[in-house]
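Listed here are the chains, written in short residue letters.
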Amino acid sequence: MSMAWTIMLTGALVAASCGFLGCFLILRHMAMLGDAISHAVLPGIVIAFLVSGSRDSLPMLIGAAALGLICTFLIQSLRSRGVQNDAAISVTFTFLFSIGIILVSLFTRQVDLDLDCVLYGEIAYVPWDTLSLFGNDIGPKAIWVVGIAFLLSLIVVGLFFKEFKIVSFDPHMAAALGIPVLLIHYLLMGLVSLTTVASFESVGAILVVAMLTVPSATAYLLTDQLERMLLISVVAGVLSSVLGYGLALLFDASIAGSMTVAAGSLFVLAFLFSPLHGVVTRRLIRRRLRTAPEQS
Amino acid sequence: MAEIEKFLADSNTLWVLMGTILLGLSSGVIGSFAFLRKRGLMGDVLSHAALPGICLAFMLTGSKNPFFFLIGATVTGILASLAIHAITRYSRIKEDTALGLTLSVFFGIGIVFLTQVQHSDQGNQSGLDKFLFGQSASLVGEDVWVMGGVAISLLLFSLLFFKEFKILCFDPGFGRSLGFPIGILDTVLMIMLVVAVVIGLQAAGVVLVVALIITPAAAARYWTERLDVMLALSAVLGGLSGALGTVLSSLSFHLPTGPLIVMAATFVFVISMVFSPRRGLLAKAIRLARVRKQLARERVLQSLYERREQGDFGDVEAEALLHKSPMPPRRLRSALIFLQKNKWVRMYKRRGILHIRLTEEGSVQAYDTVLRQRMTEVWMMHESEIGGSIRDREDGMVADHIPPDIFDPLWNLLLRHGMEPKWNPESPAAPLREGGISS
């Protein structure tokens, strides 16, 4: 596989899995959780590094996913104790992030843990970080890790699709129907943590946060059906990864940044011209409605 | 002591201390407004949106003067807040999604710019990184002068427009009807937030500035119901966290200042959340326990009374009480012990089974309790006819006291529903006891 293809495939996988879960986050009004989780996992990464003493992916993945869950748990319990939503999120993730930085400066002076690389991974390095199984090179690690995370979310959401759907749109009705709302909530949060962590080790936090919100917001403007929204979100994510890579080559700029900008541009297009909810489209429709009676 | 002397002698540390205290003060005040407008996460967005502005300022001017950075970051911050406004106003996308979207896209643009700067001949973009991650230990006199000037003008501005901001925070619709330019005020507040975030960036970095904005305000909210007190308290708590973090950082282990400030602020927040006298978790738990106890006593009295009302004057077994109004046995026991201490019930064991007997005093008490309960019930059913406010306490609890002026109409309603207490311990002929309605 050539380098360009590997990078684009990684970006597309990240975009697809984040876009897929992002739909549920948006519907549940929790879009900022992606950002919170991506910061809050830092202490998990550092602790995993200290415990395992290596930069292996697996311990870091576990540590980070655990911290992601702790973060969502703390936010949820602050909220249930009457702290308003924005404050609960900010207080929790800034606190956890600070612990992470303090741990880094306390313990990692002796050992080499490059913060920039762990937290703000660079997608351009993906092709060189390959995985080998039984002595055979089986391709870039990032693709495997993100791919497995994506597969997992597809399976879990597929199994409980009805539950996820009802909880996303009407948690009160879901509770009345006997669906374990809190369990579904933590299931979703677990998947989001896992996907976030799996992705941003290889592509950087910013791309993950962007892909969690932007493609799904685009999809939200284009359809009223959850199934279609999931599909459009995945497609928009993949498209922005491909376009972004092209942009990055064109302007010689950061790949993750360009992919984000591409996703943002797609959103602006949907915002203006979506057949259902676009600003321009609605204005056109209104004008047509206003002139229609005169013609008849 | 020697360490403190050394600390005070170091002029650089003093500059840093002054800088962080000023920062805590100003972001505490601005953060309070943001907190009350439920815009806490706006700080997060603005601090990320500052990146493209800082890069642009560097690309255009070629200098690393914090003043230019401030202007650049303010411009992109305002753009970001306009984008959020437009997205929520002109599409069905909710605010949280608009925040996350704007945050990531602006930061993405910033990263693209940053790589442009890196690849250009201007080179040396290391200062820009510092701006993002915060290096409060490297604050020097000049930075602190800029920060101080900005912080003090922010504070003055908040004082000057205190009344306007107050109305903006609590009832913008009412403010608009009074002729206040609410839209402009909102924009002004947003610009102030942008400025507070940007001066915080240099000392604390993108993530930690969010904490300085929101955490002291959230902590202050626990202690007061008044905006002016909240602003002052939030400023003090913010300044305190700044000072605490700086001192800790310079005294021990060379830990970074920014995170320590956040830890201090979070500590203050947790203390406030648990121990504040009215809204704190502890106070709430105590109140809940007290209400539960009171309720248990009332339920015991009610069960005992209702047996008599039905003509059963025998003594009651504790098991039967539990069966009638289920509660943890421990709570029943403590309720019974309380009632016995007041001589309202007598307890004795016969054949190993606990029996309970209402005393005469207790019967009067039970009558009062049941009368009050049933009156409250009909009051709730007919609240609109009777008038008065049934939830007169601030915590939304039902009134535990029937006002004397609506006693008669309530009694009539009880008669109409056939709910009047049918057994009067004092004199069966005259069921109405004026004014004896207290717990």
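Residues numbered from 1 in each chain as written. Chains lettered and ligands numbered in written order. Predicted model: local features only at pLDDT ≥ 70, side-chain atom pairs only at ≥ 80, totals over all residues. Heavy atoms only, no water.

### Some words on the overall build of chain B
Here comes step 1: Across its full length, chain B holds 18 helices and three strands.
Here comes step 2: Counting only residues that meet the buried cut, chain B has 52% of its 439 residues in that class.
Here comes step 3: Long-range contacts, defined here as pairs at least 24 residues apart, represent 66% of the contacts in chain B between residues at least 6 apart. (Helix = DSSP H or I, 4+ residues; strand = E, 2+ residues; numbered from the N terminus. Buried < 20%, exposed > 50% of the residue type's maximum accessible area, 1.4 Å probe, protein only. Contact = heavy atoms within 4.5 Å.)

### Some points on the interface of chain A and chain B
Here comes step 1: In this assembly, 52 residues from chain A lie in contact with 53 residues from chain B.
Here comes step 2: For the pair chain A and chain B, the number of links is one salt bridge.
Here comes step 3: Ionic pairing is found between A:Asp224 and B:Arg92, a salt bridge with its closest N-O pair at 2.9 Å.
Here comes step 4: In this assembly, chain A and chain B are joined by twelve residue pairs in polar contact (both at pLDDT 80 or more).
Here comes step 5: Elements supplying a minimum of two residues to the side of chain A that touches chain B: helix H2 (32-40), helix H5 (85-107), helix H11 (205-222), helix H13 (255-273) and helix H14 (279-295) of chain A.
Here comes step 6: Looking at the side of chain A that touches chain B element by element, the count peaks at 15 residues for H5(A).
Here comes step 7: Looking at the side of chain A that touches chain B, its residues break down into 30 nonpolar, 15 polar and seven charged. (Salt bridge = Lys/Arg side-chain N within 4 Å of Asp/Glu carboxyl O. Polar contact = N/O pair within 3.5 Å; in protein donor to acceptor, adjacent residues only side chain to side chain. Nonpolar A, V, L, I, M, F, W, Y, C, P; charged D, E, K, R; others polar.)

### Section: the nonpolar core
Here comes step 1: In this structure, A:Leu188, A:Phe267 and B:Phe269 are the most contacted members of the largest nonpolar core, which totals 169 residues.
Here comes step 2: Discounting residues that sit within four places of it in the chain, A:Leu188 has contacts with A:Leu21, A:Phe24, A:Leu25, A:Arg28, A:Met30 and A:Phe164.
Here comes step 3: Among the nonpolar cores identified, the runner-up in size contains 35 residues, and B:Leu304, B:Leu336, B:Trp344 and B:Ile402 belong to it. (Core = buried A, V, L, I, M, F, W, Y, C linked by side-chain atoms within 4.5 Å.)

### Let's talk about helix H1 (residues 3-27) of chain A
Spacing of three or four residues puts side chains on the same side of an α-helix, whose turn is 3.6 residues.
Residue and element names in this part refer to chain A.
Here comes step 1: With 25 residues, H1 extends 36 Å between its outermost C-alpha atoms, agreeing within 8% with the 36 Å of an ideal straight helix rising 1.5 Å per residue.
Here comes step 2: At Leu21, H1 shows its largest kink, close to 25°.
Here comes step 3: Here H1 lies mainly inside the structure; 21 of its 25 residues are buried.
Here comes step 4: Following H1 by one or two positions, His29 has its phi on the positive side, about 55°. (Expected span 1.5 Å × (residues − 1). Bend = angle between axes of the 7 residues up to and from the residue.)

### Concerning the pairing of strand S2 (residues 345-350) of chain B
Regular strands show a simple pattern: their side chains alternate between the two faces of the sheet.
All names here are of chain B.
Here comes step 1: Bridge count for S2 against strand S3 (residues 353-358) is six bridges, and the pairing is antiparallel. The residue of S3 that forms the bridge with Arg346 is Arg357.
Here comes step 2: Between S2 and S3, which pair antiparallel and follow one another directly, the connecting turn spans two residues, one of which, Arg351, has a positive phi of 50°. (Pairing = 2+ DSSP bridges.)

### Topic: the domain arrangement of chain B
Residue and element names in this part refer to chain B.
Here comes step 1: For chain B, the assigned domains read domain 1 (1-279) and domain 2 (281-428).
Here comes step 2: If you look at the interface, domain 1 gives seven residues, while domain 2 gives six residues.
Here comes step 3: Across the domain 1 to domain 2 interface the summed buried area is about 510 Å²; carbon plus sulfur atoms make up 49%.
Here comes step 4: Sorting the residues of domain 1 by area buried against domain 2 places Val274, Arg278 and Arg279 first, and these three jointly supply 66% of that buried surface.
Here comes step 5: The tally of links from domain 1 across to domain 2 stands at zero salt bridges.
Here comes step 6: At the junction of domain 1 with domain 2, the criterion picks out four residue pairs in polar contact (both at pLDDT 80 or more). (Domains from an automatic or database assignment. Buried area = accessible area lost by both parts, 1.4 Å probe.)

### Quick word on the sheet that holds S2(B)
Residues and elements named next belong to chain B.
Here comes step 1: On the basis of which strands lie adjacent, the open sheet formed by three strands has the order S1-S3-S2 and antiparallel pairing. Two strands lie at the open edges of the sheet, namely strand S1 (316-317) and S2, each paired on one side alone.
Here comes step 2: For S1 and S3, the ladder comprises two bridges, and the chain directions are antiparallel. Bridge pairing links Val316 to Ile356 in S3.

### Some remarks on the UniProt feature "transmembrane region" (unreviewed entry) in chain B
Residue and element names in this part refer to chain B.
Here comes step 1: In the UniProt entry, the feature "transmembrane region" (unreviewed entry) is given for residues 14-36, 67-87, 99-117, 144-162, 174-199, 205-223, 230-251 and 257-275.
Here comes step 2: Counting secondary structure, residues 67-87 comes out at 100% helix and 0% strand; the distance between its end C-alpha atoms is 30 Å.
Here comes step 3: With 95% helix and 0% strand, residues 144-162 has its two end C-alpha atoms placed 26 Å apart. (UniProt positions renumbered as here; feature names shortened; annotations may be inferred.)

### Let's talk about the packing of aromatic side chains
All names here are of chain B.
Here comes step 1: For the structure shown, the criterion picks out twelve aromatic pairs over all chains.
Here comes step 2: Consider the rings of Phe157 and Phe161, whose centres lie 5.4 Å apart with planes at 45°: the pair is tilted.
Here comes step 3: Given a relative accessible area of 36%, Phe157 falls into the partly exposed group.
Here comes step 4: The exposure class of Phe161 is partly exposed, given its relative accessible area of 29%.
Here comes step 5: For the ring pair Phe338 and Trp344, a centre distance of 6.4 Å and an interplane angle of 80° mean the geometry is edge-to-face. (Phe/Tyr/Trp six-rings, centres within 6.5 Å; stacked < 30°, edge-to-face > 60°.)

### Some thoughts on unusual backbone geometry
Residues and elements named next belong to chain B.
Here comes step 1: The phi angle at Lys38 is positive, at roughly 55°, despite the residue not being glycine.
Here comes step 2: Along the polypeptide, Lys38 turns up in the loop between helix H2 (11-36) and helix H3 (40-61).
Here comes step 3: Note on Lys38: relative accessible area 55%, which makes it exposed.
Here comes step 4: One non-glycine residue with positive phi stands out, namely Lys343, at about 60°.
Here comes step 5: With respect to the helices and strands, the residue Lys343 is situated in the loop between helix H15 (329-341) and S2.

### Looking at the environment of B:Gly100
Here comes step 1: As for its placement among the helices and strands, B:Gly100 is situated in helix H5 (residues 95-119).
Here comes step 2: In sequence terms B:Gly100 and B:Met42 are 58 residues apart; their C-alpha atoms lie 9.8 Å from each other.
Here comes step 3: Setting aside residues up to four positions removed in sequence, B:Gly100 forms contacts with A:Met32 and A:Thr213.

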